[in-house]
Amino acid sequence: MAGHRFDVAWIFSLVALFFLRAHCFYLPGVAPEDFKKGDPLLVKVNKLTSTKTQLPYSYYFLPFCQPEHIVDSAENLGEVLRGDRIENSPYVFKMREPQMCNIVCRKILDKKAAKAFKEKINDEYRVNMILDNLPLVVPIRSPDQENAVVYQYGYHVGLRGQYAGSKEEKHFIHNHLTFTVKYHKDPLSGSARIVGFEVKPFSVKHEHEGEWNEKTRLTTCDPHAKRAVTSSESPQEVEEKKEIIFTYDVEFQESDIKWASRWDTYLLMADDQIHWFSIVNSLMIILFLSGMVAMIMLRTLYRDISKYNQLETQEEAQDETGWKLVHGDVFRPPANSDLLCVYVGTGVQFFGMILVMMIFALLGFLSPSNRGGLMTAMLLLWVFMGLFAGYSSARLYKLFKGTEWKKITLKAALMFPATVFAIFFVLNALIWGQKSSGAVPFGTMFALVLLWFGISVPLVFVGSYFGFKKPATEDPVKTNKIPRQIPEQAWYMNPAFSILIGGILPFGAVFIELFFILTSIWLHQFYYIFGFLFIVFVILIITCAEITVVLCYFQLCSEDYLWWWRSYLTSGSSAFYLFLYAAFYFFTKLEITKAVSGVLYFGYMLIISYSFFVLTGTIGFYACFWFTRLIYSSVKID
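Residues numbered from 1 in each chain as written. Predicted model: local features only at pLDDT ≥ 70, side-chain atom pairs only at ≥ 80, totals over all residues. Heavy atoms only, no water.

### Things to note about the packing of helix α14 (residues 574-588) against helix α15 (residues 595-632)
Thought 1: Two numbers describe how α14 lies on α15: the axes approach to 8 Å, and their chain directions differ by 155°. Accordingly, the angle class assigned to the pair α14 and α15 is roughly antiparallel. By crossing handedness, the relation of α14 to α15 is classed as right-handed. The segment α14 lies against α15, with Ser-574, Ala-575, Leu-578, Phe-579, Ala-582, Ala-583, Tyr-585, Phe-586 and Phe-587 engaging Gly-598, Tyr-601, Phe-602, Met-605, Leu-606, Ile-608, Ser-609, Phe-612, Phe-613 and Thr-616.
Thought 2: Class assignment of the residues belonging to the contact of α14 with α15 gives a composition of 15 nonpolar, four polar and no charged. (Axes fitted to C-alpha atoms, helices over the stretch in contact; angles between N-to-C directions. Helix = DSSP H or I, 4+ residues; strand = E, 2+ residues; numbered from the N terminus. Parallel < 35°, antiparallel > 145°, perpendicular 65-115°, else oblique. Left-handed = near helix turned anticlockwise from the far one by under 90°. Contact = heavy atoms within 4.5 Å. Nonpolar A, V, L, I, M, F, W, Y, C, P; charged D, E, K, R; others polar.)

### Overview of empty space enclosed by the protein
Thought 1: Scanning the entire structure with this criterion turns up two cavities of 30 Å³ or more.
Thought 2: If you add up the space inside the second largest cavity, you get close to 60 Å³.
Thought 3: Forming the walls of the second largest cavity are Met-493, Ser-498, Thr-548, Leu-551, Cys-552, Gln-555, Trp-563, Arg-566, Ser-567, Thr-570 and Cys-624.
Thought 4: Elements that contribute at least two residues to the lining of the second largest cavity include exactly α12 (530-557) and α13 (564-572).
Thought 5: Of all the elements, α12 adds the most residues to the lining of the second largest cavity, at four residues. (1 Å grid on protein atoms, 1.4 Å probe; cavity = no way out; pocket = protein on both sides within 12 Å on 5 of 7 lines; lining within 4 Å. Points joined across faces, edges and corners; volume = space filled by probe spheres on them.)

### A few points about helix α3 (residues 111-122)
Thought 1: Compared with the 16 Å implied by 1.5 Å per residue over twelve residues, the 16 Å span of α3 between its first and last C-alpha is a close match.
Thought 2: Restricting attention to buried positions, one finds in α3 the residues Ala-113, Ala-114, Ala-116, Phe-117, Lys-120 and Ile-121. Axial view of α3: buried residues confined to an arc of 160°, hence all on one face. Away from its buried face by more than 90 degrees, α3 exposes Lys-111, Lys-112 and Lys-115.
Thought 3: On its buried face, α3 sits against β9 (158-161) and β10 (170-173).
Thought 4: The residue sitting at the N-terminus of α3 and contributing the capping side-chain oxygen is Asp-110; that oxygen lies 3.3 Å from the backbone nitrogen of Lys-112.
Thought 5: Just downstream of α3, Glu-124 is the residue with a positive phi angle, here 55°. (Expected span 1.5 Å × (residues − 1). Buried < 20%, exposed > 50% of the residue type's maximum accessible area, 1.4 Å probe, protein only. Arc of directions from axis to C-beta. Polar contact = N/O pair within 3.5 Å; in protein donor to acceptor, adjacent residues only side chain to side chain.)

### Here's the deal with the pattern of salt bridges
Thought 1: Using the criterion set out here, one finds 15 salt bridges in the structure.
Thought 2: With a closest N to O distance of 2.6 Å, Asp-329 and Arg-332 form a salt bridge.
Thought 3: Taking the relative accessible area as the measure of exposure, Asp-329 reaches 2% and is therefore buried.
Thought 4: Using a relative accessible area of 19% as the deciding quantity, one classes Arg-332 as buried.
Thought 5: Through salt bridges with shared partners, one network takes in Lys-47, Arg-82 and Asp-84. (Salt bridge = Lys/Arg side-chain N within 4 Å of Asp/Glu carboxyl O.)

### So, the nonpolar core
Thought 1: Trp-563 and Trp-564 are the most contacted members of the largest nonpolar core, which has 93 residues in total.
Thought 2: Here this core gets 18 residues from one element, more than from any other, and that element is α12.
Thought 3: Not counting residues within four places of it along the chain, the set of residues in contact with Trp-564 comprises Val-330, Phe-331, Arg-332, Pro-334, Leu-340, Leu-399, Phe-400, Phe-621 and Phe-625.
Thought 4: Ranked by size, the runner-up nonpolar core spans 56 residues in total, among them Val-43, Phe-64, Met-95 and Leu-600. (Core = buried A, V, L, I, M, F, W, Y, C linked by side-chain atoms within 4.5 Å.)

### Description of the environment of Val-536
Thought 1: Take Val-536: it is sitting in helix α12.
Thought 2: Residue class for Val-536 comes out buried when judged on its relative accessible area of 4%.
Thought 3: In this structure, the C-alpha to C-alpha distance between Val-536 and Phe-511, residues 25 residues apart in sequence, is 9.8 Å.

### A few points about the state of the cysteines
Thought 1: Following the criterion strictly, the structure yields two disulfides and no others.
Thought 2: There is a disulfide in this structure between Cys-65 and Cys-105, and the S-S distance comes to 1.8 Å. Its S-S torsion of approximately -75° makes the covalent link between Cys-65 and Cys-105 left-handed. Here Cys-105 lies in strand β3 (residues 99-108) and Cys-65 lies in the loop between β1 (40-49) and α2 (77-82), a separation of 40 residues in the sequence. (Disulfide = S-S within 2.5 Å.)

### Notes on the pairing of β1
Thought 1: A large share of β1 lies buried, amounting to seven of its ten residues.
Thought 2: Summarising the sheet, β1 and strand β2 (residues 87-94) pair through five bridges and their orientation is antiparallel. By the bridge assignment, Lys-44 is partnered in β2 with Asn-88.
Thought 3: Sheet analysis places β1 next to strand β4 (residues 126-131), joined by five bridges and oriented antiparallel. Residue pairing across strands places Lys-44 opposite Ile-130, the latter belonging to β4. (Pairing = 2+ DSSP bridges.)

### Examining the side chain of Ser-191
Thought 1: With respect to the element layout, Ser-191 can be found in the loop between β11 (176-185) and β12 (192-202).
Thought 2: The buried category is assigned to Ser-191, whose relative accessible area is 7%.
Thought 3: Those residues in contact with Ser-191 that lie beyond four places of it in its chain are Asp-34, Phe-35, Lys-36, His-184, Lys-185 and Asp-186.

### Concerning unusual backbone geometry
Keep in mind that most residues, glycine aside, have a negative phi and that most peptide bonds are trans.
Thought 1: Notably, Cys-101 is not glycine yet its phi reads approximately 55°, a positive angle.
Thought 2: Residues other than glycine seldom take positive phi values, yet Asp-132 does so here, at roughly 50°.
Thought 3: Locating Asp-132 in the fold gives a position in the loop between β4 and β5 (134-135).
Thought 4: Residue Asp-132 is classed as buried on the basis of its relative accessible area of 16%.

### Remarks on the environment of Gly-503
Thought 1: The topology assignment puts Gly-503 in helix α11 (residues 495-522).
Thought 2: Classification of Gly-503 as buried rests on a relative accessible area of 0%.
Thought 3: Taking the C-alpha atoms as reference points, Gly-503 and Gly-572, separated by 69 residues in sequence, lie 6.5 Å from one another.
Thought 4: If we skip the residues at most four places from it in the chain, Gly-503 touches Thr-570, Ser-573, Ser-574 and Tyr-577.

### Thoughts on α15
Every α-helical turn comprises 3.6 residues, leaving residues that sit three or four positions apart pointing alike.
Thought 1: Its 38 residues give α15 an end-to-end C-alpha distance of 54 Å, which sits within 8% of 56 Å, the value for a rise of 1.5 Å per residue.
Thought 2: Among the 38 residues in α15, 28 count as buried, and that is most of the element.

Below you can see the structure in the form of structure tokens.
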């Protein structure tokens, strides 16, 4: 037996090591492309983003230089929902052919254009571009460590500042871009692959002699005179009727980084010690709870079951106390049993979606190079997991002696998605009112409704049909016809108090990882530490199960048999703490100033918290369901 445990421990350790290393490789969303010298490199533009407003805009929402024809790139469902709008740009490079001071276009700003630029500069919007599926980054030297470089995704539209000796604040635009394309050369074929895409933005008030025409040469930036832009000492002001000339340089740098490792710098995890602290912190919680569960199961329960099974006389049986006393009521169907069946079915659907998504992410299929892949996978998995939602809700409904399985199935298929869709529709209307590219088009809305009613609802019915067709699960003990009176409970066993206490530990097990997830969502950073996330998810499952079992045992010992809903709400209450933490994060980490953006933040966090409630509540319910059936099937009932 000891040897078997040792083998299991070894296997678990190896699996854990694999999961932790899983973030070091990825299966890319695109095949590698080889470029020969002189091959054209097409730069694409993506949305304008700001952490202050959380409202993305299309690149051409601002009056930047445009190509002759703007062409939208093919987008998947996830990209549309994320607000990505990928289009072609007027920037065209040639592989390994440096360019200096290329003029893109000249603009004379009208009142509307100047106002639009100023607003986006005030809100600290960044321009996002893509080359060979790599996002554009701005290298910034880290103030904490010498020679360390951190990468900022996209460059700021502009900046605010004052001229020397003046107190008046002006707006300046970044109109000169110095691009650096890093490539890895194949020594045999001579072709190269792109492994990095960086930019240094400058604000330069370009000057030229004479009237402007196509052959005009700039005096501030001239490739013939080898005069390059190296600073923003004479910046370009944003004002009505001001002339702005957009220019760019392109440099090429050979790199030792191979194409398969080119995302490593983007996904560099500088604070992995915090993740390890999170894991250790969560494991301490698990060890504490496991000790309590082991004590209950091995000592208290074993002693109780032995004592109850040895009672022989009627007088002894009348003197029994504790959890056995409520055996005739413990499996009595709860109030609002239909609603419980619906919530449990939805929770199973969530659990299946997250589990399968984690496995795909660990294998590298949901890498950042596959933009929108994570969101698309979540939606499709949710739809197909409707099969398990129907099955589990119907099985529980039949246990409660329910007969109208179609009614419960319809509720399971519609209730949770309808609630989320209603909130999402209101939030989308607010985004649409701001003319943001983050607004989901009506065509995509229709596609979502089609997925819901065309695939998800029928699958819920199929699962429910098979679940209801199976014979009902038999209770280990018979239920009395007349419900037993519940004695007055101690203050610490009050339902509201014990439920709120039960949610603290599951939240405590995940809140450090939650910080990184919120940072990824709201500060526009890549989250790709799925190895840690999977371990935290496993810890969450164990914590939810154990705290619910412990509190359920205490509840039954105090002769309170109303455990069905209590078991769901105990671990589900961790969602309440998640929402409180989201509010704390909003006021301490984010710099959101607009009311609409605040409503969007709390609206989306409400959806996430509601989903977390359904997931954790279902885990706790099934743990308690297994526990009660186990203990009551172990005693002899006369």
